[in-house]
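# Examining the three-dimensional arrangement
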Amino acid sequence: MEEYAYILDIPPQKRGGKSENICLAVGDHDFRLFELVYKAGAVLNFEDRVYIGKDTAQRTVIDHVKRRIGVTDLSSTANSELEYAVTEAVKADEARFIKFFNEAGPISLRKHMLEELPGLGKKSMMAILDEREKKKFENYADLVTRVPTVKDPVKLLVARIMEEINAVEGELKRNLFVEK
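Residues numbered from 1 in each chain as written. Predicted model: local features only at pLDDT ≥ 70, side-chain atom pairs only at ≥ 80, totals over all residues. Heavy atoms only, no water.

### Quick look at the pairing of strand β2 (residues 22-27)
Across the 6 residues that make up β2, a large majority, 6, are buried. Across 4 bridges, strand β1 (residues 4-9) lies against β2 in antiparallel orientation. Residue pairing in the sheet places A5 in a bridge with G27 of β2. Pairing of β2 with strand β3 (residues 33-38) involves 5 bridges; the strand directions are antiparallel. Bridge pairing in β3 places C23 opposite L36. Counting the residues in the hairpin turn of β2 and β3 gives 5 residues, including F31, whose phi is positive at 60 degrees. (Buried < 20%, exposed > 50% of the residue type's maximum accessible area, 1.4 Å probe, protein only. Helix = DSSP H or I, 4+ residues; strand = E, 2+ residues; numbered from the N terminus. Pairing = 2+ DSSP bridges.)

Next up, the structure:
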C-alpha cells in the first residue's frame, strides 16, 4: 500500500449535481495511479507530495483514495506531469534506487537486471558490476563519478519506471519498480 503520492492533476469541479473534490496522483513507492478525494478547503498544487496511507489522523489534505486507475484514465495534464512526479520520487528515494544498482542480479544466464534500464548497455553494466565489487555505491553522485558512462542514473530509472507504467498488461516480462 502506498503511503504517499504526488499530485498530477486537479480537474475542475463538476457544475450541478453531486461533485467531489477529485485529484489524480501517482504513488511515490510502487508508482500506482490513483483518483483521490481531497478535503474541502485544501490547497493543492501539481507535484505536491501528500499522505494517502491508512492513518486518517495524518491525512491533512486527502480525505480518501477513491480508486486505483490505469494510465489511460489520466487526463492529458496528469499524463504530462507524470514523468516529472516520477523523477521527484526517484530523486527523493535515492537510498532505495542506489540499493538497486548495488544489489541487482542476473535474471538469466544471458541477461542481467541492470540491462532492463533503457539506455544502459553491456559496457556500462559491466563497469557498474566491477565498481560495486570494489565498494558499494553511496549515492547517485558516487555512481556517476566511478562509472563515467552512466551520466544520469535518475534518467535511466525514470525511463524504466515510465516504461512499466505505460506498459499494457503482459507487454513486459517483469516489472522492477511498478507494482501493478
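What follows continues from the structure just given.
### Considering the nonpolar core
Grouped together as the largest cluster of nonpolar side chains are 39 residues, with contacts concentrated most on F31, V90 and L114. Every element with two or more residues in this core is listed here: β1, β2, α1 (76-92), α2 (94-103), α3 (122-134), α4 (140-146) and α5 (153-166). Those residues in contact with V90, other than ones at most four positions away along the chain, are F31, F97, Y140, V154, L157, V158 and I161. Grouped together as the second largest cluster of nonpolar side chains are 11 residues, A5, F34, L36 and Y38 included. (Core = buried A, V, L, I, M, F, W, Y, C linked by side-chain atoms within 4.5 Å. Contact = heavy atoms within 4.5 Å.)

### Topic: the pairing of β3
In the case of a regular strand, side chains alternate between the two sheet surfaces. When you tally the buried positions in β3, you get 6 out of 6 residues, the bulk of the element. Alternating residues of β3 divide into L33, E35 and V37 and F34, L36 and Y38, and every residue in both groups is buried.

### Brief notes about the packing of aromatic side chains
All told, the structure shown has 4 aromatic pairs when counted by the stated rule. Relative to F101, the ring of F100 has its centre 5.8 Å away and its plane inclined at 70 degrees; by these criteria the two rings are edge-to-face. Ring geometry for F100 and F177: centres 5.0 Å apart, planes at 70 degrees, overall edge-to-face. With a gap of 77 residues between them, F100 in helix α2 and F177 in the segment after α5 connect regions that are remote in the sequence. The burial state of F100 is the same as that of F177; both residues are buried. Taken together, the aromatic side chains of F97, F100, F101 and F177 make up a single cluster linked through ring pairs. (Phe/Tyr/Trp six-rings, centres within 6.5 Å; stacked < 30°, edge-to-face > 60°.)

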